[in-house]
Amino acid sequence: MATARLDYVAPWWTYWLHNFPHFNLRFQPVNNTFQPEEASYQQSVIFLACVGAVGASLSLLVLAVYLVCLCCCRRKGDEDTKRPDTCCVTWVAVVTGLVICSAVGVGFYGNSQTNDGVYQLTYSLYSANHTLDGINSMVAGSVSNIENKLKQHLERLDEIFAARADYIQSLRFIRLMVNNIIQELTALPNISQTKVYLAAFAEKTAFIEYYRWLIYLLLLILDLVICLGMCLGIAKQSQCLLITSACFLCVVVLLQVTSDFCVSPVRYIVNQTQDFLNIAHYYLFCSPNLQNPFQQSLTICQRSLTTMQIQIQGLLRFSVPVFPAAQRDLLGIQRLLNSTEFSVHQLTALLDCRGIRKDYLDALMGVCYDGVEGLLYLSLFSLLSACALSAMLCVIFRLWTLMGSREKEYNDIDAEDPFNPQARRLSYNPQRSNTHSFCSYISSLGSQASLHPPPQSTSNSTIPPPEYMNQSMLFGEVPRYENVPLIRRGSPPPSVPYLSSTSEWVSTFNSPCSPLCLRS
């Protein structure tokens with residue numbers, strides 16, 4: 001960077017962007033030289049914008065077709081598979097999330113680089129504008145002092161020295177030098193219009209850059225929020241994709257135009273300054289072989305001021321003893337000449353090419369190095385973000401269909417299935433706690449009388465009920481005996497007959513229990 005400031009060399013990426021083919025609206029190749037006022041170059045920029053818009057529209061159309069096809073094939077997919085595999089979809093979501101995060105990081109860097117480049121451009125413009133303002137104010141101040149105050153002193157001296165022809169001849173010579181200084185200062189180019197143009201351009205550029213930086217910052221934050229929302233499953237729309245595509249289109253057009261300018265900025269500036277071409281060459285190249293176009297005028301002013309100083313000193317030495325009233329005007333002229341000479345020295349320093357060329361190189365470095373590099377990173381961010389958001393949108397829709405098919409599969413479970421945990425929870429009803437079980441109802445058809453409670457003891461003490469009766473009393477408030485054969489035996493599942501206890505059931509209830517008794 002430090003060596004590049006001695007002489008501007010366009011970066012390689014500007015040549016790479018500049019060599020892209022330029023076509024007009026009739027699909028004919030045009031010159032890629034930066035000429036924004038030419039109709040052919042304007043058409044090439046419009047053509048590039050149209051190509052970007054068509055590409056964004058096609059990508060959105062392909063995305064829409066994919067989503068429609070995925071939605072139409074949902075029923076067929078639900079019928080073909082009962083347990084879809086979500087591993088691939090999950091990995092795609094993870095990869096797209098990482099891509100979006102990486103793109104946001106690239107976008108933050110590119111946004112900062114672009115802002116730094118534009119800030120350097122505006123700072124250089126303000127610095128050059130300050131230099132031009134100083135030149136304009138010094139020229140205007142010097143001309144005003146010479147025309148008004150110096151001429152007033154000379155008119156009074158004409159009245160004082162009316163009797164001395166030699167002194168009047170010296171005053172006429174001084175008047176001639178004054179006219180020469182005024183003529184040379186007014187012959188300098190009027191830079192007031194240039195000063196106003198630079199100031200307006202710098203203000204407009206700073207205003208646009210502030211809102212561009214703010215919009216991209218909000219877009220980066222929005223991408224992070226959308227990525228988080230997609231990961232959480234709360235975002236299912238593509239507004240951010242549209243915004244990113246539009247930003248990508250604007251950045252591509254701006255990249256093309258800026259790279260065309262950065263490849264050969266001197267040619268464009270020279271074409272815009274045909275009226276004062278020698279001045280433009282002097283400030284653009286600042287070579288020791290080039291002569292300062294203002295050097296002759298400044299030299300004449302300096303010599304005229306020196307000659308006037310000599311004449312005033314001679315009048316102070318010889319005329320003041322004879323005409324004491326002339327001392328005040330002569331000293332006033334001497335002070336004006338000293339201030340004018342100081343202004344001319346400052347004007348010579350400001351008109352030197354090194355100061356303005358430094359601002360010119362700083363502006364080019366800011367635009368073509370930091371600015372274009374930042375725009376490249378922003379375009380990469382927009383491209384990666386648009387692709388990742390498209391993939392994430394497809395992944396979310398696919399996950400939504402998979403979740404719908406899984407919910408449908410869960411709803412297909414039979415509610416009468418005894419192994420269904422939901423059916424078990426629904427079967428419990430506290431109000432039906434005293435209802436007899438199915439086996440109790442079967443056993444009561446003919447063999448309930450054979451079941452007798454345990455014989456009471458003759459003693460006054462009451463034997464506590466068995467453990468199964470305690471459990472039955474806790475939940476049903478009445479001792480129940482129908483589950484006697486199944487307690488303390490490690491009962492099998494309801495749908496599997498316990499063959500070892502069949503003979504006991506037959507002997508106890510005098511009737512074999514059908515398989516339905518053994519089911520819940």
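Conventions and cut-offs
Residues numbered from 1 in each chain as written. Predicted model: local features only at pLDDT ≥ 70, side-chain atom pairs only at ≥ 80, totals over all residues. Heavy atoms only, no water. Helix = DSSP H or I, 4+ residues; strand = E, 2+ residues; numbered from the N terminus. Buried < 20%, exposed > 50% of the residue type's maximum accessible area, 1.4 Å probe, protein only. Contact = heavy atoms within 4.5 Å. Areas by Shrake-Rupley, 256 points an atom, 1.4 Å probe, with all protein chains shown as cover. Disulfide = S-S within 2.5 Å. Patch = residues over 30% accessible without salt bridge, like charges linked within 9 Å, V, L, I, M, F, W, Y side chains within 5 Å. Salt bridge = Lys/Arg side-chain N within 4 Å of Asp/Glu carboxyl O. Axes fitted to C-alpha atoms, helices over the stretch in contact; angles between N-to-C directions. Parallel < 35°, antiparallel > 145°, perpendicular 65-115°, else oblique. Left-handed = near helix turned anticlockwise from the far one by under 90°. Nonpolar A, V, L, I, M, F, W, Y, C, P; charged D, E, K, R; others polar. 1 Å grid on protein atoms, 1.4 Å probe; cavity = no way out; pocket = protein on both sides within 12 Å on 5 of 7 lines; lining within 4 Å. Points joined across faces, edges and corners; volume = space filled by probe spheres on them. Phe/Tyr/Trp six-rings, centres within 6.5 Å; stacked < 30°, edge-to-face > 60°. Lys NZ or Arg CZ within 6 Å of the ring centre and 35° of its normal. pLDDT = per-residue confidence, 0-100. Expected span 1.5 Å × (residues − 1).

Caption draft 1: Quick look at the overall build of the protein. The helix and strand tally for the protein stands at 16 helices and 0 strands. Evaluated residue by residue, the protein yields a buried proportion of 37% over its 520 residues. A sequence separation of at least 24 residues applies to 78% of the contacts in the protein between residues at least 6 apart. As presented, the protein carries roughly 31700 Å² of accessible surface, and 62% of it is formed by carbon and sulfur atoms.

Caption draft 2: Just the environment of Ala363, in detail. The residue Ala363 is located in helix α12 (residues 353-411) in this model. For Ala363, a relative accessible area of 12% translates into the label buried. On a C-alpha basis, the gap between Ala363 and Val118 in space is 8.3 Å, while along the polypeptide they are 245 residues apart. Residues within four places of Ala363 in sequence aside, it is in contact with Leu121 and Ser124.

Caption draft 3: Highlighting the state of the cysteines. If you walk through the whole model with that rule in mind, you get 2 disulfides. The disulfide partner of Cys262 is Cys368, and the gap between their sulfur atoms is 2.0 Å. Given an S-S torsion of about -90°, the disulfide between Cys262 and Cys368 has left-handed geometry. Residue Cys262 is found in helix α7 (residues 239-263), and its partner Cys368 is found in helix α12; the two are separated by 106 residues along the sequence. Among the residues examined, Cys262 registers a relative accessible area of 0% and is labelled buried.

Caption draft 4: Up close: a nonpolar patch on the surface. On the surface, Phe108, Leu218, Ile221, Leu224 and Val225 cluster together into a nonpolar patch covering about 420 Å² of accessible area. Of the residues forming the nonpolar patch, the biggest block, 4 residues, is contributed by helix α6 (residues 192-232). Residue placement: Phe108 occurs in helix α4 (residues 87-160).

Caption draft 5: A look at the packing of helix α5 (residues 165-186) against helix α10 (residues 295-318). Between α5 and α10, the shortest axis-to-axis distance is 9 Å and the interhelical angle comes to 160°. By the angle between their directions, the pair α5 and α10 is classed as roughly antiparallel. By crossing handedness, the relation of α5 to α10 is classed as left-handed. For the pair α5 and α10, contact is made by Tyr167, Ser170, Leu171, Phe173, Ile174, Met177, Val178, Asn180, Ile181, Glu184 and Leu185 and by Ser297, Ile300, Cys301, Ser304, Leu305, Thr307, Met308, Gln311, Ile312, Leu315 and Phe318, respectively. Within the contact of α5 with α10, the residues separate by chemical class into 15 nonpolar, 6 polar and 1 charged.

Caption draft 6: Structural context of the packing of α10 against helix α11 (residues 326-350). The contact between α10 and α11 brings their axes to 10 Å, and the two run at 160°. It follows that α10 is roughly antiparallel to α11 by the angle criterion. In this structure, the crossing between α10 and α11 has a hand that is left-handed. Grouping the constituent residues of the contact of α10 with α11 by class yields 12 nonpolar, 9 polar and 1 charged.

Caption draft 7: A look at unusual backbone geometry. Look at Phe27: it is not a glycine, yet its phi comes out positive at around 60°. Since its relative accessible area comes to 63%, Phe27 is described here as exposed. Within the chain, Cys286 stands out as a residue other than glycine whose phi angle is a positive 50°.

Caption draft 8: Fine view of empty space enclosed by the protein. Per the stated rule, a full pass over the model turns up 1 cavity of 30 Å³ or more. As a volume, the largest cavity reaches approximately 40 Å³. Every element with two or more residues in the lining of the largest cavity is listed here: α4, α5, α10 and α11. If you tally residues by element for the lining of the largest cavity, the top one is α11, at 3 residues. Partitioned by chemical class, the residues of the lining of the largest cavity number 8 nonpolar, 1 polar and no charged.

Caption draft 9: Representation of the packing of aromatic side chains within the structure. One pass over the full model with this rule turns up 19 aromatic pairs. Each residue in the set Phe34, Tyr41, Phe261 and Tyr268 is aromatic and connected to the rest through ring pairs, giving one cluster. Seen from the ring of Tyr167, Arg164 lies directly overhead, with NZ or CZ sitting 4.5 Å from the centre.

Caption draft 10: Representation of the side chain of Thr131 in the model. Tracing the chain through its elements places Thr131 in helix α4. If we skip the residues at most four places from it in the chain, Thr131 touches Leu350, Ile356 and Asp359.

Caption draft 11: The arrangement of the confidence of the model for the protein in detail. The pLDDT averaged across the protein works out to 74; a share of 67% of its residues lies at or above 70. Low pLDDT, under 50, characterises residues 406-412; the stretch is placed with 6 contacts to residues that sit more than four places away or in other chains. A low-confidence stretch, residues 467-484 (pLDDT under 50), is modelled with 26 contacts involving residues beyond four sequence positions or located in other chains.

Caption draft 12: How the structure looks around the pattern of salt bridges. Taken as a whole, this structure holds 6 salt bridges when the rule is applied. Salt-bridge contacts for Asp329 lead to Arg156; the nearest nitrogen and oxygen are separated by 3.0 Å. Highlighted residues: Asp329 in helix α11 and Arg156 in helix α4, separated in sequence by 173 residues. With a relative accessible area of 5%, Asp329 lands in the buried category. Here Arg156 falls in the partly exposed class, since its relative accessible area comes to 37%. Across the pair Arg354 and Asp352 runs a salt bridge, and its minimum N-O distance is 2.7 Å. What makes Arg354 exposed here is its relative accessible area of 64%.

Caption draft 13: How the structure looks around α5. Given a rise of 1.5 Å per residue, 22 residues ought to cover 32 Å, and the 32 Å separating the end C-alpha atoms of α5 matches this to within 8%. Residues of α5 that are buried include every one of Tyr167, Ile168, Ser170, Leu171, Ile174, Met177, Val178, Ile181, Ile182, Glu184 and Leu185, and no others.

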